[in-house]
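In case you want the letters, here they are:
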Amino acid sequence: MEDPVTRIQLSNGLQILLKEIHTAPIISQWIWYRVGSRDEATGITGASHWVEHMQFKGTPGFPAGILDRAISREGGNWNAFTFLDWTTYYETMPSDKIDLAIQLEADRMVNSLFDPEEVNSERTVIISERQGNENDPLFQLGEEIQSAAFRVHPYHHEIIGDQADLETMTRDDLYHHYRTYYIPNNAVLALAGDFETNLMLERLREVYESIQPGPQPPRLFRPEPGQPGERTLFVEGTGETTYIQLAYRAPTANHPDFFPCSVLDSLLAGPSSLNMFGGGISNKTSRLYQALVEKERAVSINGGLQATIDPFLYTLLLTLHPGCTVEQAVASIDDEIKRLQDTPPTEEELWRASKQARALFAYGSESISNQAFWLGYAEMYATYDWFIRYLENLQAVTPQDVQRAAQTYLRPQGRVLGVYQPKDHQEEGQE
Amino acid sequence: MMAKASFTRFSFSHCRSRAGVPADSHSLPGPDDTLRRTLSNGITVLARSNFNSPSVVISGYLPAGSLFDPDGRLGLADFTASALMRGTARRNFQEIYDALESVGASLGIHGGTHSAGFGGRALAEDLDMLLSLLGEILRQPAFPQDHIERLRAQFLTGLAIRAQDTGEMASLAFDQIVYKNHPYSRPEDGYPETLQAIRREDMLEFHRAHYGPRGFVITVVGAVDPQEAVNKVGQILGDWDNPSQPDNSALPPAPALTATVQEKVTIPGKSQSDIIMGAIGPQRSAPDYLAASLGNSVFGQFGMYGRIGDVVREQAGLAYYAYSSLSGGLGPGPWYVSAGVDPANVERTVDLIHRELERFVREPVSKEELDDSKENYIGRLPLSLESNAGVAGALINLERYGLGLDYYRRYPAMISAISVQDVFEAARHYLNPERLGIAVAGP
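Residues numbered from 1 in each chain as written. Chains lettered and ligands numbered in written order. Predicted model: local features only at pLDDT ≥ 70, side-chain atom pairs only at ≥ 80, totals over all residues. Heavy atoms only, no water.

### Focus: the overall build of chain A
- When helices and strands are counted, chain A shows 16 helices and 11 strands.
- Relative to its length of 431 residues, chain A is compact, with a C-alpha radius of gyration of 23 Å against a globular reference of 22 Å.
- Dimensions of chain A, computed from the C-alpha atoms along their principal axes, are close to 70 × 50 × 40 Å.
- Within the span of chain A, comprising 431 residues, buried residues form 63% of the whole.
- Across chain A, every contact between residues at least 6 apart in sequence was considered, and the portion connecting residues at least 24 apart equals 82%.
- As presented, chain A carries roughly 15600 Å² of accessible surface, and 49% of it is formed by carbon and sulfur atoms.
- Averaged over its 34 positive side-chain charges, chain A has a centre that lies 3 Å from the centre of its 60 negative ones. (Helix = DSSP H or I, 4+ residues; strand = E, 2+ residues; numbered from the N terminus. Rg over C-alpha atoms; globule rule 2.2 N^0.38 Å. Buried < 20%, exposed > 50% of the residue type's maximum accessible area, 1.4 Å probe, protein only. Contact = heavy atoms within 4.5 Å. Areas by Shrake-Rupley, 256 points an atom, 1.4 Å probe, with all protein chains shown as cover. Lys, Arg positive; Asp, Glu negative; His and termini not counted. Charge placed at Lys NZ, Arg CZ, Asp CG, Glu CD.)

Structure follows, in C-alpha cells:
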C-alpha cells in the first residue's frame, strides 16, 4: 500500500498528517487526543468519555446548538469516540465546507466552557447511556470480565465509567481532565480528501500554531501483574440465553506477536479488520464456527483483537446452543485451540488469511472517512507506517509463528472465562 | 458572528476541488453514468462503475417478503431466504462459504416485508464467482434438513434475545397498535411458535411460488464496466423463468386509530425503558412524502436530533437517545418518536414528547428550521454516495420507487421548493396528538 502522506509537527507539538484523495469532493478531518479510560484513576472513571460529551456543549465562539447546527447545515457527517487509549472527533464534509470543521476543532481544543449546569444535565444523559448499556447482557458480562482481567491496570473499568463516579464527579474534575490532556502536544490532527497539501497546511498553521502547548500530561503507570491462574466468573440475569466469553491476554499492537495473533484470530474465528468503516465478512469456514456452530454447541461465535498501547485482551464470544452445556462448549474450544498448539496451520490457510485481509482493506479504502481514520488511529499506538506495512507484516507470518502464538497466548491459565446465564437456569445437555 | 466571518473568508481558497468536474455531477448518479437495462424475462439491472476502488458490490431484491407468510408460519420468507445459502444442487454449505471466504467475499439474503433483499461484495476479480453463486442459490437451492434445523435453533435464540430487548419489544408492540389487523403488524422474524411450525416443504413451496425474475432488481457498482456487468447478469439470470410468481398483491388500507392507545411490555431486570410513540406516516409515493420527511428532520433528526433531542436530551437530560423516524416504503411506514429512559421517567418523557407533537401540528416550523434541514438534505448527498455500497443503495431506491435515473440531479431543486406550509400540512395529515400509538417496554 503506497500512499503519499505529508507529516509535519508544529512548533507547539501538534502532529499533522495529510493525505490527498481526489476521487470525490469530500474531506474528512480527525483529531485525536491521547487520553482515554486508561488515564482514569478510581474516582474519575468515565471522565474521558464525559469530557467528550462536554465537547459538544459549546464554546464562546460556537455556543451549544450553533455548533451542531452549523455542521448539519452543511450536510456533514460527524461523531466522536472514546476508547481505552484515545479520544477522537471527526467531521466529513463537502470539500468546500471543511473550514468550519477546522475552526471548530481548534476552538474546542482550548475554549470549551464546561458550564456547571450543562455538566449536571449531561450527568443524567450519561447515566442514561450507561443504563442502556446495562440492558445488554453482553455489556454486563464484558464489564465483569474486564475488571477480573485487570486488577491493577486502569484498563479494568468500562469506558463509560462506574455508576459511583458518574454520580459524584464534579465539574472541576472534568475541566481539570480536559485542560490536562487537550493540548496540542498531546494531539494528532489528520485530514484526507480533496485538498491541496500546501494550502491546507497554511490554513492549519493559521488556526492551530498559536495554541500554547501544555506540560506533558501525567500517566498512570500500573502494569498488570501476571495472572497466576485461570479466573472464572458468572453473571446471572434475565432471559433464556447463555453467553460465554473467554478473554486471553493479548500482545500490544507494537509487539512482534500482534500479527501472528491476528492470523490466529482469522483461523479460529474468521477475519476481522480494525477499519472504523467498511464492514466485514462471514466466518463460517473458521475453525471455531466449524467445531461449535456446525456441531450445534453454539449458535454463533466471534473473536476480537484490539490494537492497544498496553497489553489488553483477545476475546472469543459464543452464544450457547440450547442443547449444549457450558462445559461441553468450552471443551470444544479447548480442543480446537489444542489442535493449533499441537500442529501448525497449513500455508494455504495463511494465504487465505492474507487474501481476506487484503479484501477487507480494499473495502475500507472506498471510504475517505476510513482512510482519514487510519492516518491518526495508527499514530495512537504506533505510527501510520504500521498501517502501510500491515498486509506485508501479515503475509510474513509463518505457520510456526501461529502455532507459537497459540501456545503462548491461549493457555487456559492465562484467561478469564465468563458465563452469563439466566437466573434459575436448568442445565440441559446432550449425553 | 466572528466564527462565521473567518469561515467564509477562507472557505474556497485551499479547498478548490481537484476532482476534475463540478461537485454535483461528479458525485451524484444520473442517466449519463448509470446503465439501466431490463432483460427479456423482466429482470432489471442497474450498473455504475467506480474504478477508484478495486472492489465491487451487488445488491438487489425480489418480491418474496413476509407479506406472503401464512399467519401460522410467520417468519417463512426470512427462513427461506436464509436457507438458500445453506446448500444448492451443485455445492454444499462448506463449498459455498469456502468459495466466498477464501477470497474475502460476502453474500447474504434475508426476508423483509415486501421483498427479499440480497447483497454481496468482493474484489473485482471475483465478481464472476459472486454472480455465479447468487444465481445458484436463487435458482437451485437444496434446503438441506440438518441446516434447516441449525438455522431454526439460531432463529429461536434470536427471538429469545429479542424478547429481552426493550427497543425491539417496544417496536413490536407499537406496530401491533397502529397497524392493527394490517399485514404490517406482523414481524418478519415471526414468533417462536410460528418458527417451530415451519417445515422444509413450506420453504420449497415458498421458493417455488415466489422466486423468479418478475419484479427482480439487481445493481452492480464498482470496478467493472457497466455493460459488462449487465452482460454477466444476463448470462447467469437471463434465462430464469417462473410462471408461478403472483402479481403484486395490493395492501389493505392502513387502519386509523380513534383514540390514543398505550401499551406496556414488562421485561423484568432492565435498567432502561424504551418508548416508541407515533402513528402511521406516508408511503414513499405520497405527494407529501418529502414535505413529511423534512418535517421529521426538524422535529427529531437534524443536528443532535432536532426538537425532540433538544427537549428530551439537551434540556431535560432524560435520555441518551431521543429522536424521531419516518420511513415510507411501498406501503405507509410508521412515523414515531423513540427514546430510551430511566424507568422512573417514562411518564414525564411521554408528556414532553406529547407536548412537542402538539406544537408540531399546531404551528408551522420556522423558515430557519426548515432551511437548516433543506441544506442538510442537499449537502449530505455526495457523502452518502461515497462508497460502492452507498451508490448501490441509492440506485435500489431509485428503482424501487420509480424515482427516475435523474432523480439525484433534480433532488436539490425539489427540496428547495418545499415550503413551511407544505411541511405543516404534511404534519397535520399524519399526526394527531389525540390518536397516537404509545408502546413502552421495560421493568
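### Brief notes about the packing of aromatic side chains
- In total, this model carries 53 aromatic pairs over all chains according to the counting rule given.
- On the basis of an interplanar angle of 85 degrees and a centroid distance of 5.3 Å, the ring pair of A:Tyr155 and A:Phe312 is categorised as edge-to-face. Residue A:Tyr155 is found in the loop between α5 (137–149) and α6 (163–168), and its partner A:Phe312 is found in the loop between β9 (298–305) and β10 (313–320); the two are separated by 157 residues along the sequence.
- Residue classification places A:Tyr155 among the buried residues on the basis of a relative accessible area of 0%.
- Each ring, one from A:Trp374 and one from A:Trp386, has its centre 6.4 Å from the other, and the planes form 20 degrees; the classification is stacked. In this pair, A:Trp374 sits in helix α13 (residues 368–381) while A:Trp386 sits in helix α14 (residues 384–388), placing the two residues 12 residues apart along the sequence.
- Here A:Arg171 stacks its cationic end above the ring of A:Tyr175, 4.3 Å away from the centre of that ring.
- Above the face of the A:Tyr363 ring, B:Arg121 is positioned so that its terminal group lies 4.0 Å from the ring centre. (Phe/Tyr/Trp six-rings, centres within 6.5 Å; stacked < 30°, edge-to-face > 60°. Lys NZ or Arg CZ within 6 Å of the ring centre and 35° of its normal.)

### Comments concerning the interface of chain B and chain A
- Between chain B and chain A, the contact holds 78 residues from the first and 85 residues from the second.
- Linking chain B to chain A there are 11 salt bridges.
- Between B:Glu314 and A:Lys57 there is a salt bridge, with its nearest N and O atoms 2.7 Å apart.
- The interface formed by chain B and chain A contains 41 residue pairs in polar contact (both at pLDDT 80 or more). (Salt bridge = Lys/Arg side-chain N within 4 Å of Asp/Glu carboxyl O. Polar contact = N/O pair within 3.5 Å; in protein donor to acceptor, adjacent residues only side chain to side chain.)

### Thoughts on the pairing of strand β8 (residues 273–280) of chain B
Residue and element names in this part refer to chain B.
- Judged by how many residues are buried, β8 sits mostly within the fold: 8 of 8 residues are covered.
- Strand direction decides the pairing type here: β8 and strand β11 (residues 437–442), joined by 5 bridges, are antiparallel. From the neighbouring strand, Gly 278 faces β11, where its bridge partner is Gly 437. (Pairing = 2+ DSSP bridges.)

### A few points about the sheet that holds strand β1 (residues 35–38) of chain B
Residue and element names in this part refer to chain B.
- Here we have 6 strands laid out as an open sheet, ordered β1-β2-β6-β3-β5-β4, and mixed in their pairing. Each end of this open sheet is capped by a strand with a single partner; those strands are β1 and β4 (106–111). Averaged over all neighbouring strand pairs, the angle between strand axes comes to 10 degrees, with direction disregarded.
- The pairing of strand β2 (residues 44–49) with strand β6 (residues 217–222) spans 6 bridges and is classified as parallel. From the neighbouring strand, Arg 48 faces β6, where its bridge partner is Val 221. (Axes fitted to C-alpha atoms, helices over the stretch in contact; angles between N-to-C directions.)

### Some thoughts on the confidence of the model for chain B
Residue and element names in this part refer to chain B.
- Residue-level pLDDT values for chain B average 92, and 94% of them are 70 or greater.
- Here residues 1–25 scores under 50 on pLDDT; set against residues more than four positions off or in separate chains, the count is 45 contacts.
- Listed scores for the predicted complex are pTM 0.94 and ipTM 0.93. (pLDDT = per-residue confidence, 0-100.)

### Comments concerning helix α11 (residues 326–342) of chain A
- With 17 residues, α11(A) extends 24 Å from end C-alpha to end C-alpha; this agrees with the ideal 24 Å at 1.5 Å per step.
- Among the residues of α11(A), those classed as buried are A:Val326, A:Ala329, A:Val330, A:Ser332, A:Ile333, A:Glu336, A:Ile337, A:Leu340 and A:Gln341. (Expected span 1.5 Å × (residues − 1).)

### Digging into the nonpolar core
- Counting 148 residues, the largest nonpolar core has A:Trp374, A:Tyr381, A:Trp386, B:Tyr211 and B:Ile218 as its most contacted members.
- Setting aside residues no more than four positions away along its own chain, A:Trp386 makes contact with A:Ala253, A:Asn254, A:Phe258, A:Phe259, A:Leu274, A:Trp374 and A:Tyr381.
- Formed by 60 residues, the second largest nonpolar core is a distinct cluster that contains B:Val217, B:Met277, B:Ile353 and B:Val391. (Core = buried A, V, L, I, M, F, W, Y, C linked by side-chain atoms within 4.5 Å.)

### Here's the deal with unusual backbone geometry
- At A:Glu296, a position not held by glycine, the phi torsion is positive, near 60 degrees.
- With respect to the element layout, A:Glu296 can be found in the loop between α10 (287–293) and β9.
- Even without glycine at this site, B:Tyr305 takes up a positive phi of about 75 degrees.
- Examined against the element boundaries, B:Tyr305 turns out to sit in helix α12 (residues 302–315).
- Looking at B:Tyr305, the relative accessible area reads 36%, which means it is partly exposed.

### Here's the deal with the environment of A:Leu417
Residue and element names in this part refer to chain A.
- As for its position among the elements, Leu 417 is in strand β11 (residues 415–422).
- Leu 417 gets classed as buried once you look at its relative accessible area, which sits at 8%.
- Counting along the chain gives 153 residues from Leu 417 to Leu 264, while the straight-line C-alpha distance between them is 19 Å.
- The residues contacting Leu 417, other than those within four sequence positions of it, are Glu 230, Arg 231, Thr 232, Leu 233, Ile 244, Gln 245, Leu 246 and Val 330.

### A few points about the packing of helix α1 (residues 47–54) of chain A against helix α7 (residues 171–181) of chain A
Residues and elements named next belong to chain A.
- Running from amino to carboxyl end, α1 crosses α7 at an angle of 85 degrees, the nearest separation of the two axes being 9 Å. Judged on the interaxial angle alone, α7 and α1 are roughly perpendicular. Along its contact with α1, which presents Ala 47, Ser 48, Trp 50 and Val 51, the element α7 presents Leu 174, His 177 and Tyr 178.
- Here the residues of the contact of α1 with α7 are counted per class, giving 5 nonpolar, 2 polar and no charged. (Parallel < 35°, antiparallel > 145°, perpendicular 65-115°, else oblique. Nonpolar A, V, L, I, M, F, W, Y, C, P; charged D, E, K, R; others polar.)

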